[in-house]
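# Commentary on secondary and tertiary structure
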Amino acid sequence: MSKKILAIAEARDGNLRNVSFEVLAAAKRVAGGGEVVAAVLGSDAAKYVEALGQHGAAKVYVVTNSELDTYTTDAYAQALRQVVDAVQPDAIFMPHTAIGKDAAPRLAARLGLGLVSDAINVELDGDAIVFTRPIYAGKAFEKKKMVSGTAFATIRPNNIPAEEAGASAAEQVDFTAEIKDLRTIVKDIVRKTAGGVDLSEAKVVVSGGRGVKSVDGFKPLQELADVLGGAVGASRGACDAEYCDYSLQIGQTGKVVTPDLYIAAGISGAIQHLAGMSSSKVIVAINKDPEAPIFQVADYGIVGDLFEVVPLLTEEFKKVLV
Ligand code: FAD
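Along each chain, residue indices are assigned from 1 in the same order as the chain's sequence is written. Reporting of local features is limited, given that this is a predicted model, to residues whose pLDDT is at least 70; pairs of side-chain atoms are given and counted only at 80 or more, and all residues count toward the totals for whole chains, interfaces and linings. Note: side-chain values were computed over all heavy atoms of the structure, leaving out hydrogens and water.

For the protein, the name recorded in an unreviewed UniProt entry is Acryloyl-CoA reductase electron transfer subunit beta, with Aneurinibacillus soli as its organism. The heading Sequence similarities (unreviewed entry) in the UniProt record of the protein holds the text "Belongs to the ETF alpha-subunit/FixB family." UniProt positions are given in the numbering used here, feature names are shortened, and annotations may be inferred rather than shown by experiment.

Here is the structure:
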């Protein structure tokens, strides 16, 4: 049976995040020829309709309330609830980003739905949607089959490939939500880091651990990341030692990343760190201890001093990439 799927898109700094297209691709996979409807929030949301249509949305709900220009749990949950009521979807997919992780449980509670969090795959089994998600900090995977009611899931970025943009256009549905009794109003946003590649969507991540030994020890990692067009990440060991900001932390209590290439330098490979990066497509570990557990998950291991190895890699990549 064909299904109507609501894919919630996410924009940041005036651009749609790539995960929005991945969520649309996930929706198309299980729609069974049914309708994929997107929703996008914020005053300037109309400018995203074309791109969402090219990536598979038949209709785009454009929710332009100014209260949605900056994220708050209250405003998003209220607006999205009204969109869901209007669309009446068989399933709702949302990016598993900081916003998705925060808003989805609130929305699920308001709708009285269960939530499959952090899905890395979606497929159809007969008429039921089956979600695959990591459990036990990424040591195992479980499949959850939604046999009745509206399925609701957050989709992990960088797992379900976005489809190439096509020529199709979406119907724009202008939607004003009733937003009231907000308990949080954002007055200003102060960014810790400016610019650079977004860590959670980066195709290449170069991460440093306690082995970098200092704030300056991150410089060669940043140079390598710059040459590769990637982002710098870190273990909690490096963050705890104040070599870098916690916004770079990858792992169970940090960000989850799934880049094409993950380079771990001076990171031992604790299970809590692996939880955030073990589904990376290619893992390269650089560690001077040949017994370091990170080598068990690495596709390529380099036993050596990161301060010698990383600059050598940067020089070699420069020859072919710059
Ligand atoms: P270490 O374990 O100290 O490893 C440093 C490594 O660097 C060593 O393997 C050493 O051989 C190598 N090294 C040293 N010098 C060099 C050199 N010059 N060249 C090459 N290699 C070198 N950790 C996370 O990362 N993310 C999380 O989200 C996270 N959440 C946690 C949640 C909980 C509840 C708990 C209890 C822990 C959590 N941790 C997390 C911490 C985790 O258990 C580890 O303590 C942490 O990952 C270790 O960081 P590290 O690998 O950088 O440091």
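Further notes follow.
### Observations regarding the site of the ligand
Any residue with a heavy atom positioned within 4 Å of a molecule or strand is treated as near that molecule or strand. As a matter of local geometry, the ligand sits amid 26 residues, with Arg-210, Ser-235, Thr-253, Ser-268 and Asn-287 nearest to it. Any pair of nitrogen or oxygen atoms within 3.5 Å is treated as a polar contact; in protein, a donor-acceptor pairing is required on top of that, and neighbouring residues in sequence qualify only through side-chain atoms on both sides. Between a nitrogen atom of the ligand and a main-chain N or O atom of Leu-306, the distance comes to 2.9 Å. Any residue that is not Ala, Val, Leu, Ile, Met, Phe, Trp, Tyr, Cys, Pro, Asp, Glu, Lys or Arg is counted as polar, Gly included; the first ten are nonpolar and the last four charged. For the shell around the ligand, the per-class residue count stands at 5 nonpolar, 15 polar and 6 charged.

### Some remarks on the sheet that holds strand S17 (residues 300-303)
We call two strands paired when DSSP finds no fewer than two bridges between them. Only DSSP runs of H or I reaching four residues or more are called helices, and only runs of E reaching two or more are called strands; each is numbered from the N terminus. Strands sit in the order S14-S13-S15-S16-S17 across an open sheet of 5 strands; the sheet is parallel. The strands lining the two open edges of the sheet, one partner per strand, are strand S14 (231-234) and S17. Strand-to-strand twist in this sheet, taken as the mean axis angle between neighbours without regard to direction, amounts to 20°. Bridge analysis of strand S15 (residues 261-265) against strand S16 (residues 282-287) gives 5 bridges, and the strand direction is parallel. From the neighbouring strand, Ala-265 faces S16, where its bridge partner is Ile-286. Running at roughly 175° to strand S13 (residues 204-208), helix H5 (residues 219-228) makes contact with S13, S14 and S15 of the sheet. By the convention used here, residues are in contact when the closest approach between their heavy atoms is within 4.5 Å. To get an axis, a line is fitted to the C-alpha atoms, and for a helix only the part in contact is used. The angle between two axes follows their N-to-C directions and goes from 0 to 180 degrees. Most of the contacts of helix H9 (residues 306-321) go to S16, to which it runs at about 135°, and overall it touches S15, S16 and S17.

### Some points on the nonpolar core
Grouping buried Ala, Val, Leu, Ile, Met, Phe, Trp, Tyr and Cys residues that are joined through side-chain atoms within 4.5 Å yields what is termed a nonpolar core. Relative accessibility thresholds used throughout: buried, under 20% of the residue-type maximum; exposed, over 50%; partly exposed, between the two (1.4 Å probe, protein chains only). Core analysis: the biggest nonpolar cluster contains 35 residues, and Leu-52, Val-60, Phe-93 and Phe-131 have the highest contact counts within it. Ranked by residues supplied to this core, first place goes to helix H1 (residues 18-31) with 9 residues. Once you skip the residues sitting within four places of it in the chain, Phe-93 turns out to touch Ile-5, Leu-6, Ala-7, Ile-8, Val-23, Ala-26, Ala-27, Val-30, Val-122, Phe-131, Ala-153 and Ile-155. Among the nonpolar cores identified, the runner-up in size contains 28 residues, and Val-84, Ile-92, Ala-177 and Ile-179 belong to it.

### Here we look at the pairing of strand S9 (residues 128-135)
By the criterion of burial, S9 is predominantly enclosed, with 8 of the 8 residues buried. Side chains Ala-128, Val-130, Thr-132 and Pro-134 of S9 all project onto a buried face; the interleaved residues Ile-129, Phe-131, Arg-133 and Ile-135 project onto the opposite face, where all are buried too. Between strand S8 (residues 121-125) and S9, which pair antiparallel and follow one another directly, the connecting turn spans 2 residues, one of which, Gly-126, has a positive phi of 65°. The pairing of S9 with strand S10 (residues 140-146) spans 7 bridges and is classified as antiparallel. The residue bridging Val-130 from the neighbouring strand is Lys-145, located in S10. From the end of S9 to the start of S10, which pair antiparallel, there are 4 residues, and Tyr-136 there has a positive phi angle of about 50°.

### Some thoughts on the environment of Phe-307
Looking at the secondary structure, you find Phe-307 in helix H9. A C-alpha to C-alpha distance of 45 Å links Phe-307 and Arg-106, two positions 201 residues apart in sequence.

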